[in-house]
Amino acid sequence: MKLVSRYIERDGTGRVALIPENPEDMWHAYNLISHGDTIRASTIRKVQTESATGSSSSSRVRTMLTVEVETIDFDTQACVLRLKGRNVEENPYVKMGAYHTVDIEPNRKFSLTKACWDIVALERIDMACDPSQNADVAAVIMHEGLANVCLVTGAMTLVRAKIDVTIPRKRKGSTSQHEKGLQKFYDTVLQAILRHVNFEVTRCILLASPGFVKDHFFEYMMQWASKNDNRVLIDNKSKFLLIHASSGFKHSLKEVLADPAVTSRMADTKAMAEVKALENFYAVLQTEPSRAFYGLKHVLKANEGQAIDTLLVSDNLFRSQSVEERKTYVKLVESVRDNGGTTRIFSSLHVSGEQLTQLTGVAAVLRFPMPELEEEPLDSDEDS
Amino acid sequence: MARHRNIRTMNYDEEYDGYDDVYGHSVEDDYASSPSMQHFLYDRSQEHQMSAYMQSDIPEEDELVSDESKSGNDVGVPSRIPPLGELEQAQLYSCLDLLRDRMGDALSEQAGIDAILACNFDAEKALDQLLKTSVASTLSKSTKSIIKPKPAPSIQVEKIRGSEVRDGKTPVKVVSAKKVVATGFSLPPTGTDASSSADRQPAKQESAVEETSRQLGCLQTPGATPRSTSPADREATPSATPKSQSRTRENRVDVASEYVKERSGTKALLNLVVVGHVDAGKSTLMGHMLFRLGQVSSKQMHKYEQESKKLGKQSFMYAWVLDETGEERSRGITMDVAQSQFETETKSITLLDAPGHRDFIPNMIFGAAQADVALLVVDATTGEFETGFESGGQTREHALLVRSLGVSQLGVVVNKLDMVGWSRDRFNEIVARLGAFLKQAGYKEQDVFYVPVSGLTGENLTALDEPKLTEWYSGPTLLQAIDKFRPPERPLNRPVRLVISDIFKSVGGSSGCCLAGRLESGMMQTGDKLLIMPLNEIIQIKNIAINEVSKGSCFAGDQVVLTVSGADLSDVSLGSVLCDPSQPIKVTSRIEARIVIFNIDIPITKGYPVVIHYQSLSEAATISKLIAQIHKSTGEVVRKRPRCLTKQTSGLVEIEISRPICMELYKDYRELGRFMIRANGTTIAAGLVTGIL
Ligand SMILES: Nc1nc2c(ncn2[C@@H]2O[C@H](COP(=O)(O)OP(=O)(O)OP(=O)(O)O)[C@@H](O)[C@H]2O)c(=O)[nH]1
Ligand SMILES: [Mg+2]
């Protein structure tokens, strides 16, 4: 993301102009824009014109519009961000108060005005504009019959293809159907890799599976590449890294990202750091349960006691439609930092963020035990 | 009891909202986002539909509901019930379930309730009355009950849905309204009541007798009031029960007498799984056994010997009998369960040779889930027994898994005794250490035996020759010991259930498709029409093969290969279930379960991602709610809504499965109500389905 301009007053009001450049920037923008913000961006409007003769025709015009955002939709697969709201600025084509839907487009500037730029939003801008965060890794998590072809970027894990086939089992006296099924499966995975992995920007491709599936598949792929003289695969052979995973389900990516072979090969990415942080939370929960809590109620109580050492929050909580709710979490983050604790905002698109989101979205490791909290029941809504 | 009614009036659209995956087919590019992603896709704008990106739902729920109510089944229409106390209401529903069991869906709820109230909660009387007075009206009202071999109307409706789904590749919401209702709830749905919780616990020994009597309960109830839910039994009723009701075949025979006719005089069937740590010698042992018993010809054995020698793997020549794929042979490791067949003096054994490597435990679970009894093979070599037995080894994990999957009789094979000079001390040491552990794991002492052997030399497999062994051992050979296993009673009279564990093209020219699996309950005959779930299509059985021999019928407990026709089976996936169309299996993506947690490092919390292993299926799932921690043996609630569940505890939890799968309650079908939970490559818990949500 490119930061074009930034005017923010002391009281937190202000405007920021940004140019999104890649799909991930759309995700950042999605996390920045909240209900009630105003956005000014270039958009296309269909205009009905009536000629002197009375016949009407419609044409499309490109115009700058300013809308107050009411609904925000993000399609994670296509990375399209779509905002809908009422027009709040005079415009030759669109009446004041009329609804319009703006698609945020790559490489086009948009400016965002907020009544309050809080610390979480400001940090999001810093993160989005930090080029070192752009580390693309592809991962193929598989077991016999199942493969997830994923792209792991700084802030997102996207499943680009999921291959789920039934491979006939070996049968007494006959393994040919099994072996044929396996070949077909490998071929489908191979094609998915070729289609979805951009070898120019991808630093590393992780092949992960239990047993020998990864080895077998890698062998198959390289054989195929030399037979078909596929330069892309041959030239990038060294980018493949074979890692053990307990299954082909997507959540096994957690194990893969924590594997020493992966951590040593790549600089610490956000995804890996999050895996580690969540693992640490569970480790403390096991060994010292009175130092690990989750759920807003418990975490707020722990914060009151200035006990939080590390706060884990899922970013979906800051996308809340309710201003109050967002504020609660922003305040929590600020307060933990004021008390010298660290906060870690998880991307809900990464596997560990997905898990944290399921775990009420907020968790904390404490500096000192608070056994009294253990006796308190969890919030009722945290059960939902 | 409230849920009893809720289900009938439930809006399924809401119930399954958020589920947006397409199941049971191979997807090349499945762009569905993960469930948690859906959350925030929608969370800011509930009303807004991203129709441009998200596939829309099929707006057919209404149609379905109206169709169901037309069929006189009162779905969606709450019945009139006079004000009743809690106890009476419970009585009412249990009576109603009983009636429904006997009469099937033909019974309208209102009629049932009226009759029960009139007869003062006496189910037998109510049944009598209903049968006498309302047979005619029931028949004319309910189109379902007079359909002959054709599928019932509701099935047709859903069949259409099924095909639309496939053509349009539209996400479907599985509607299992009738299924849930049809089987009824004879127990309070919470599953926390103390009386039933005891037998829900896998670690606690439920005696085979108990299980047996439960199954026999169907068969042996005296008098003219058969208690079975099976259509065949209904036929035996001399009453005026509509004869053709929910029939899967034209001339339905009595299962019990058919079984006697077909199987009397034959050896009792036993499914035997062989488990143990990697390289304990399982395949070698059983391969050698098969060779000794003449199941493998000398010519074939010679071929294995020559070929394995070429690969420098001659020590695996016997294992090659079972390890048939190129991968398995070149790596010297079993990867998937091999099935074979041999006979002892009184038993006909279906052998399931499981892989020992920890990465293939999903396959081992699949094998164990089909087994009646198990052999646990341990390597007696110095240091090797210890490796397998210590934490991280598979000896313990396998023994626990097998027990949790309902196997109570275990034979321990102390193998490779040739490596330790047939040492009696070593044998005794192993017996002592394993004995203590197995007792803890829930095996009864009298249900466990120990046999010293060498799989490689063949000693004490079928004959005892080695002088160094006969010096101190005079017990049975392995073959004799296997013969002593008691075969379990088979649920012959329950509605048909067969979990599909393999799908392949039939060989030999015919264009059919073959489905393999173990028949869990009931019986099948060629020509039968069965429902395949969750696909919801009717298929017809063209051929039944057991051990590659065509048979006209098969019974609960049999490992069968069916050639079928009638539906496009490219969408059938492992874990699909063939069932009686009138009493289909339930389909769900959310269950309530009682879990027993193993020795785990990381506590289980809400939101914990796991893999559940159920029969031939493994599926990603999330522990979505911790309802209670319960006492391991009494089943009492220790703590409600715990923050986490730690090692060696038990809990009541809710589990969200990533796609709808076929499941049964443990109280209805023991074998189909059990599952295992694994995470990060270790087994973390065993579970029993207590509720289908
Ligand atoms: N000395 C000796 N070696 C044995 C004996 N039984 C098996 N072995 C050897 O142990 C090795 C492993 O045998 P397998 O039969 O493949 O073991 P397995 O338990 O089936 O292994 P997995 O299926 O991969 O778990 C082979 O090299 C066998 O020759 C025995 O009784 N004595
Ligand atoms: Mg083996």
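The name given to chain B in an unreviewed UniProt entry is Tr-type G domain-containing protein, and the organism recorded there is Daphnia sinensis. If you open the UniProt record of chain B and go to Sequence similarities (unreviewed entry), you find "Belongs to the TRAFAC class translation factor GTPase superfamily. Classic translation factor GTPase family. EF-Tu/EF-1A subfamily." Its UniProt record, at the heading Catalytic activity (unreviewed entry), says of chain B: "GTP + H2O = GDP + phosphate + H(+)".

Per an unreviewed UniProt entry, chain A is named Protein pelota homolog, and its organism is Daphnia sinensis. Its UniProt record gives chain A the following Function (unreviewed entry) comment, quoted word for word: "Component of the Pelota-HBS1L complex, a complex that recognizes stalled ribosomes and triggers the No-Go Decay (NGD) pathway. In the Pelota-HBS1L complex, pelo recognizes ribosomes stalled at the 3' end of an mRNA and engages stalled ribosomes by destabilizing mRNA in the mRNA channel." Entered under Subcellular location (unreviewed entry) in the UniProt record, the comment concerning chain A runs "Cytoplasm".

Enquirer: In this structure, what is going on with the sheet that holds strand β2 (residues 338-343) of chain B? I would like to understand it.
Expert: All names here are of chain B. Reading across the sheet, the six strands line up as β2-β3-β1-β4-β5-β6 and stay open at both edges, with mixed pairing between neighbours. Since the sheet does not close on itself, it has two edges, and those belong to β2 and β6 (448-452), each with one partner. This sheet shows a mean twist of 25° between the axes of neighbouring strands, independent of strand direction. Direction of pairing for strand β5 (residues 410-415) relative to β6: parallel, over a ladder of five bridges. The partner of Leu410 across the bridge, within β6, is Val448. Sheet strands in contact with helix α20 (residues 424-440) are β4 (373-379), β5 and β6, and its direction is about 160° off that of β6.

Enquirer: Looking at this structure, how should I read the packing of aromatic side chains?
Expert: Two descriptors summarise a pair of aromatic rings, namely the distance from one centre to the other and the angle between the planes of the rings. Residues and elements named next belong to chain A. Enumeration according to the criterion identifies 18 aromatic pairs over all chains in this entry. Between Phe199 and Phe240, the ring centres sit 6.3 Å apart and the planes meet at 50°, which makes this aromatic pair tilted. Of this pair, Phe199 sits in the loop between α3 (176-196) and β11 (202-209) while Phe240 is found in strand β12 (residues 240-244), placing the two residues 41 residues apart along the sequence. Here the two residues Phe199 and Phe240 agree in accessibility, since each one is buried. Taken together, a centroid distance of 5.7 Å and an interplanar angle of 85° make the contact between Phe281 and Tyr282 edge-to-face.

Enquirer: What is the right way to look at the interface of chain A and chain B in this model?
Expert: A common way to express how large an interface is: the accessible area buried when the components associate. Of the residues lining the interface, 77 residues belong to chain A; the matching set on chain B comes to 83 residues. Across the interface of chain A and chain B, roughly 6800 Å² is buried in total on both sides, 50% from carbon and sulfur atoms. Three residues stand out in chain A for area buried against chain B, namely Arg169, Lys170 and Phe212 of chain A, and they jointly supply 12% of the buried area on that side. On the surface where chain A and chain B come into contact, there are five salt bridges. With a shortest N-O distance of 2.7 Å, Arg171 of chain A and Asp502 of chain B are connected by a salt bridge. Inspection of the region where chain A meets chain B yields 19 residue pairs in polar contact (both at pLDDT 80 or more). When the residues that make up the side of chain A that touches chain B are grouped by side-chain class, the tally is 24 nonpolar, 29 polar and 24 charged.

Enquirer: Would you mind showing me how to read the environment of Leu519 of chain B here?
Expert: All names here are of chain B. Mapping Leu519 onto the fold places it in strand β8 (residues 513-521). Of the residues examined, Leu519 reaches a relative accessible area of 0% and is grouped as buried. Each residue touching Leu519, except ones within four places of it in the same chain, is listed here: Val496, Arg497, Leu498, Met524, Cys554, Phe555, Ala556, Gly557 and Asp558.

Enquirer: Before we go on, may I ask you to explain the coordination of the magnesium ion (ligand 2) in this structure?
Expert: Each angle at a metal carrying four tetrahedral donors should ideally be 109.5 degrees, and each at a metal carrying six octahedral donors should ideally be 90 or 180 degrees. Residue and element names in this part refer to chain B. For the magnesium ion (ligand 2), every protein donor is listed as Ser283 (OG) and Thr334 (OG1), and the spread of their distances is 1.9 Å. Of this pair, Ser283 sits in helix α14 (residues 282-292) while Thr334 sits in the loop between α16 (326-331) and β2, and the two are 51 residues apart along the sequence. Like Thr334, Ser283 is buried.

Enquirer: Quick question: what am I supposed to make of the nonpolar core here?
Expert: All names here are of chain B. Judged by nonpolar contacts, the single largest core of 74 residues is most densely connected at Leu272, Met286, Phe342, Leu375, Leu434, Leu478 and Ile482. Top element by residues in this core is β4. It accounts for six residues. Shared between two domains, this core takes at least three residues from each, and those domains are domain 2 (269-483) and domain 4 (586-692). With near-sequence residues (within four places) excluded, Leu375 lies in contact with Leu272, Val273, Val274, Val275, Met286, Leu410, Gly411, Val413, Phe449, Leu478, Ile482 and Phe485.

Enquirer: Just checking my understanding: could you explain the domain arrangement of chain A for this structure?
Expert: Residue and element names in this part refer to chain A. For chain A, the assigned domains are domain 1 (2-46 + 59-133), domain 2 (137-266) and domain 3 (271-383). Computed from C-alpha coordinates alone, the two centres of domain 1 and domain 3 are separated by 29 Å. Contacts between domain 1 and domain 3 engage 13 residues on the former and 13 residues on the latter. A combined buried area of about 1100 Å² lies between domain 1 and domain 3, and 56% of that area is made up of carbon and sulfur atoms. Among the residues of domain 1 in contact with domain 3, Trp27, Ile119 and Val120 are the three that bury the most area, contributing 40% of the side total. Where domain 1 packs against domain 3, one counts three salt bridges.

Enquirer: How should unusual backbone geometry be read in this particular structure?
Expert: A negative phi angle characterises most non-glycine residues, just as the trans form characterises most peptide bonds. Residues and elements named next belong to chain B. Between Met533 and the following residue, Pro534, the backbone shows a cis peptide bond with an omega angle of 0°. Tracing the sequence through the fold places Pro534 in the loop between β10 (529-533) and β11 (537-546). Within the chain, Glu548 stands out as a residue other than glycine whose phi angle is a positive 65°. Positive phi values are uncommon outside glycine, yet Asn680 reaches one of about 50°.

Enquirer: Is there a simple way to think about the pattern of salt bridges in this case?
Expert: Side chains that differ in sign of charge can pair as their charged atoms come close. Residue and element names in this part refer to chain B. Scanning the model with the defined rule gives 42 salt bridges over all chains in all. Of the charged contacts, one joins Asp379 and Lys416 as a salt bridge, the two residues approaching to 3.2 Å between their closest N and O atoms. Remark: Lys416 occurs in the loop between β5 and α20 and Asp379 occurs in strand β4; sequence separation between them is 37 residues. Here Asp379 falls in the buried class, since its relative accessible area comes to 8%. Using a relative accessible area of 24% as the deciding quantity, one classes Lys416 as partly exposed. The partner of Arg590 in a salt bridge is Glu654, with the nearest N and O atoms 3.1 Å apart. Of this pair, Arg590 sits in strand β16 (residues 586-597) while Glu654 is found in strand β20 (residues 650-663), placing the two residues 64 residues apart along the sequence. When its relative accessible area of 24% is taken as the criterion, Arg590 is described as partly exposed. Given a relative accessible area of 10%, Glu654 falls into the buried group. Salt bridges sharing partners connect three or more residues here, namely Arg497, Lys586, Glu664, Lys667 and Asp668.

Rules behind the numbers
Residues numbered from 1 in each chain as written. Chains lettered and ligands numbered in written order. Predicted model: local features only at pLDDT ≥ 70, side-chain atom pairs only at ≥ 80, totals over all residues. Heavy atoms only, no water. UniProt positions renumbered as here; feature names shortened; annotations may be inferred. Pairing = 2+ DSSP bridges. Helix = DSSP H or I, 4+ residues; strand = E, 2+ residues; numbered from the N terminus. Axes fitted to C-alpha atoms, helices over the stretch in contact; angles between N-to-C directions. Contact = heavy atoms within 4.5 Å. Phe/Tyr/Trp six-rings, centres within 6.5 Å; stacked < 30°, edge-to-face > 60°. Buried < 20%, exposed > 50% of the residue type's maximum accessible area, 1.4 Å probe, protein only. Buried area = accessible area lost by both parts, 1.4 Å probe. Salt bridge = Lys/Arg side-chain N within 4 Å of Asp/Glu carboxyl O. Polar contact = N/O pair within 3.5 Å; in protein donor to acceptor, adjacent residues only side chain to side chain. Nonpolar A, V, L, I, M, F, W, Y, C, P; charged D, E, K, R; others polar. Donors = N, O, S within 2.8 Å, 3.2 Å for Na, K, Ca; no water. Core = buried A, V, L, I, M, F, W, Y, C linked by side-chain atoms within 4.5 Å. Domains from an automatic or database assignment.

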